[in-house]
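This is what each chain is made of:
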Amino acid sequence: MATYNKINDFVEQSWLGLHDMNTDQVNLYLTNVAPVATNTVFGTPAEIAAGNDYVAKGEDTGNVMSENPAGTAEVVATDITWTASGGAIAQFRYVVAFNETNGSDALIGWYDHGSAVDLADGESFTVDFGANWLTFV
Amino acid sequence: MTMHNRDKYPEIWASFERAKEELAPLKAARKIKMTEMNDIAREMDVLRTAKGKKHDEACVDIEKIRELSKVVSRLAKAMGAKSA
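Calculation notes
- Residues numbered from 1 in each chain as written.
- Chains lettered and ligands numbered in written order.
- Predicted model: local features only at pLDDT ≥ 70, side-chain atom pairs only at ≥ 80, totals over all residues.
- Heavy atoms only, no water.
- Core = buried A, V, L, I, M, F, W, Y, C linked by side-chain atoms within 4.5 Å.
- Buried < 20%, exposed > 50% of the residue type's maximum accessible area, 1.4 Å probe, protein only.
- Helix = DSSP H or I, 4+ residues; strand = E, 2+ residues; numbered from the N terminus.
- Contact = heavy atoms within 4.5 Å.
- Pairing = 2+ DSSP bridges.
- Axes fitted to C-alpha atoms, helices over the stretch in contact; angles between N-to-C directions.
- Salt bridge = Lys/Arg side-chain N within 4 Å of Asp/Glu carboxyl O.
- Phe/Tyr/Trp six-rings, centres within 6.5 Å; stacked < 30°, edge-to-face > 60°.
- Lys NZ or Arg CZ within 6 Å of the ring centre and 35° of its normal.

### A few points about the nonpolar core
All names here are of chain A. Ranked by internal contacts, the top residues of the largest apolar core, which has 33 residues, are W82, F125, V127 and W133. Elements with a contribution of two residues or more to this core: β2 (26–31), β6 (80–83), β7 (89–99), β8 (107–119) and β9 (124–127). For this core, the element with the highest residue contribution is β7, accounting for seven residues. Discounting chain neighbours no more than four positions away, the residues touching W82 are L28, L30, D53, Y54, G58, E59, I89, L119, E123, S124, F125 and V127.

The structure is reproduced here in structure tokens:
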């Protein structure tokens, strides 16, 4: 999996109680604009246009947090697969995580695929979270 | 007999008393707002509990969703899908 990049504000907002990584819905969205660590809320960077099975505001990660092992917390997430259907999905390079539940749609982090991705009709892009997504120690 | 600090340090004691007098109404005013805030927090707790219950309901099939999502991801990769 590509390297996880932290949004700086995520740390502060977590301690201010904005994020509940267990019961809040964390979504991933696609963008072709490079995120920077100082971004704070969904929309900057702008997501790609919805269409051809890319839904606005992306997909739910099915995130659940638990204490594992003792004294640490891990977030487990569900793999996401986008498959272009009926046409191409707009070009993207970055995958951005944000909190869909809180009012401000606060950003969490992002991944850089390393090059632009074009999905023609029937082609897919996956995000594989492995055994767990995030660990807080 | 131990001498009272008021007599032992009269100047410091006077400053101490003045500071406490100035502090008391500030703390009292804060306490009113903090009590109101805590009342709101208790209302939020009720909503937080309701949210947690709804989350539990949403997670009834999460293991199956996770398993099938992994299958979809694996099959997509077998067909050449790019991956983050």
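### With respect to the sheet that holds strand β10 (residues 134–136) of chain A
Residues and elements named next belong to chain A. Taken in spatial order, the three strands line up as β4-β5-β10 in an open sheet, and their pairing is antiparallel. Two strands in the sheet have a free side with no partner beyond their single neighbour: β4 (64–67) and β10. Here the strands of the sheet are splayed against their neighbours by 20° on average, with no regard to which way each runs. Bridge count for β4 against strand β5 (residues 73–76) is four bridges, and the pairing is antiparallel. Following the sheet pairing, E67 is matched in β5 by A73.

### Focus on the pattern of salt bridges
Following the criterion strictly, the structure yields 15 salt bridges over all chains and no others. One salt bridge connects K70 of chain B with D79 of chain A, and the closest N-O pair in it is separated by 3.0 Å. With K70 of chain B in helix α3 (residues 62–78) and D79 of chain A in the loop between β5 and β6, this residue pair bridges two chains. Residue K70 of chain B is classed as partly exposed on the basis of its relative accessible area of 24%. For D79 of chain A, a relative accessible area of 5% gives the class buried. The shortest N-O distance in the salt bridge between D128 of chain A and K77 of chain B comes to 2.9 Å. On the criterion of chain membership, the pair formed by D128 of chain A in the loop between β9 and β10 and K77 of chain B in helix α3 is interchain, its members lying in two chains. Residues participating in the shared-partner salt-bridge network are D79 and D128 of chain A together with K70 and K77 of chain B.

### A look at the sheet that holds strand β1 (residues 4–6) of chain A
Residue and element names in this part refer to chain A. Taken together, five strands build an open sheet; the order of strands is β1-β8-β7-β2-β3 and the sheet is antiparallel. Looking along the sheet, the strands with just one partner apiece sit at the ends: β1 and β3 (59–60). Relative to β7, β2 runs antiparallel, the two being bridged by six bridges. Across the sheet, residue L28 finds its bridge partner in β7, namely A97.

### Re the packing of aromatic side chains
All names here are of chain A. One pass over the structure, following the stated rule, counts nine aromatic pairs over all chains. Geometrically, the ring pair formed by F10 and F136 is tilted, given 6.3 Å between the ring centres and 40° between the ring planes. Here F10, found in helix α1 (residues 8–15), pairs with F136, found in strand β10; they are 126 residues apart in sequence, far enough to count as distant. The exposure class assigned to F10 is buried, which follows from its relative accessible area of 5%. The positively charged end of K57 is found above the aromatic ring belonging to F42, 5.2 Å away from the centroid.

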